[in-house]
Amino acid sequence: MNVDERLRLATRNTSEVVTVEELRKVFEEKEKPKGYLGFEPSGLVHVGWLVWMFKVRDLVEAGVDFYLLEATWHAYINDKLGGNLELIRKAARYTRIVLEAIGVPEGRVKYVDAEDLASDKDYWGLLLKSAKQVSLARVKRALTIMGRRVDEGETDFSKLIYPLMQVTDIFYLDLDIAVGGTDQRKAHMLTRDIAEKLGLKKPVAIHTPIITGLQGPGGRMESGLEADELAAEAKMSKSKPETAIFVHEDAEAVEAKIMKAYCPPRITELNPVLEINKYLLFQQPGFTLVIERPEKYGGTITVEDYSVLEKLYAEGKIHPLDLKKATASALNKLLDNVRRRISSDPGARSLLEELKTAKVTR
Ligand SMILES: Nc1ncnc2c1ncn2[C@@H]1O[C@H](COP(=O)(O)OP(=O)(O)OP(=O)(O)O)[C@@H](O)[C@H]1O
Ligand SMILES: N[C@@H](Cc1ccc(O)cc1)C(=O)O
């Protein structure tokens, strides 16, 4: 695969690449650059995660040697699953199964456990060197990467260590590319700044779009937040289950959730139903959205391109209910594989059952 093709795969369906020129250089210089994404294995998998999972698939295809960091200690710091590390490790196993079901089997990526990183004294040396380069105010501003507001970081001191751990993860793994949703931006920009100061490798950052929670952005659109902060606050999130569609949920539950979702007529911004189309459904090769309507409401239409769907919706030519029905049906088709994979594997089923009954904390 030539550099242009690798670059196309790596940059499609992203909200930002810092920078595309640097990424091109990485691909020109390396057959197998090192990339990573970290996630807190702290519960069930929702459809927002599919955005980065598909990006991992793209990057593996583009020849990236990809590491998936199971951020167990980070989830512990962030009070997930009641801080129960045993359960957190089970959530990591469950996430591997979902990744495999969407085309990222274990043999194609390398899993790294945060507990292994933290057991090496060099890791803590790197963390302290990084900490020397940054002010407390900057660390606090980065707390949005753990889905927390700045003031929440002061509840216990470990939360202030988290952003520096995320920076250190990147240095320790010696990465060329760091991937995450837009809400992770502050971690990556911090890493790039510290890298310059310490003379370490400065990773390219690839940010994937965020799917807004089913309840919509609330009043946050006018709050003057930066895009990454808005994404962190308004995103579909596993620790706020009422905002999320989980990949294991049955077809009826998925449809019921979509029918109730925030989707005001003509509004295309931070509209989770449109975002599911834009960032998930229309990313599948050859996808078309079929909107079935009685003749008196314009008859059935087949949309082949997301930009057309957005335009028709903004012009009020598609009713929210019709969009929701069509989206639910297409999303259910996309999720079928994952559901089948989970239900056919007793091990996966028992992990799921255990995680379903675990108390969601944050
Ligand atoms: N709604 C979403 N849409 C797209 N990407 C998401 C979404 N939520 C999380 N991500 C991405 O998934 C990765 C893991 O995020 P994280 O563990 O914080 O998920 P989460 O569901 O928000 O969890 P929590 O509720 O525990 O904060 C990050 O790169 C993040 O940007
Ligand atoms: N902060 C990330 C998880 C993460 C943890 C450590 C990392 O090195 C990277 C990502 C999140 O909340 O989703």
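Residues numbered from 1 in each chain as written. Chains lettered and ligands numbered in written order. Predicted model: local features only at pLDDT ≥ 70, side-chain atom pairs only at ≥ 80, totals over all residues. Heavy atoms only, no water.

Looking at an unreviewed UniProt entry, one finds the protein named Tyrosine--tRNA ligase and attributed to Thermosphaera chiliense. Per UniProt, the protein carries the Catalytic activity (unreviewed entry) text "tRNA(Tyr) + L-tyrosine + ATP = L-tyrosyl-tRNA(Tyr) + AMP + diphosphate + H(+)". Of the protein, the UniProt comment under Sequence similarities (unreviewed entry) reads exactly: "Belongs to the class-I aminoacyl-tRNA synthetase family. TyrS type 4 subfamily." (UniProt positions renumbered as here; feature names shortened; annotations may be inferred.)

Here the focus is the pairing of strand β6 (residues 204-208). Among the 5 residues in β6, 5 count as buried, and that is most of the element. Here 3 bridges tie strand β1 (residues 16-18) to β6, and the two strands are oriented antiparallel to one another. The partner of glutamate 16 across the bridge, within β6, is histidine 207. Relative to β6, strand β5 (residues 177-181) runs parallel, the two being bridged by 5 bridges. Each residue of the ladder has a partner; that of valine 179, found in β6, is isoleucine 206. Traced from β5 through helix α10 (residues 185-198) to β6, the parallel crossover comes out right-handed. (Buried < 20%, exposed > 50% of the residue type's maximum accessible area, 1.4 Å probe, protein only. Helix = DSSP H or I, 4+ residues; strand = E, 2+ residues; numbered from the N terminus. Pairing = 2+ DSSP bridges. Right-handed = clockwise from strand over helix to strand, strands pointing away.)

This part is about the site of ligand 2. Near ligand 2, the surroundings consist of Tyr36, Gly38, Glu40, Leu69, Ala71, His74, Ile145, Tyr162, Gln166, Asp169 and Gln184. Separating a nitrogen atom of ligand 2 from a backbone N or O atom of isoleucine 145 is a distance of 3.0 Å. Notes on ligand 2: free accessible area 340 Å², of which the protein chains cover 90%. For the shell around ligand 2, the elements supplying multiple residues, two or more each, are β2 (34-39) and α9 (158-172). The biggest single contributor to the shell around ligand 2 is α9, with 3 residues. Grouping the amino acids of the shell around ligand 2 by side-chain chemistry returns 5 nonpolar, 4 polar and 2 charged. (Near = heavy atom within 4 Å. Polar contact = N/O pair within 3.5 Å; in protein donor to acceptor, adjacent residues only side chain to side chain. Areas by Shrake-Rupley, 256 points an atom, 1.4 Å probe, with all protein chains shown as cover. Nonpolar A, V, L, I, M, F, W, Y, C, P; charged D, E, K, R; others polar.)

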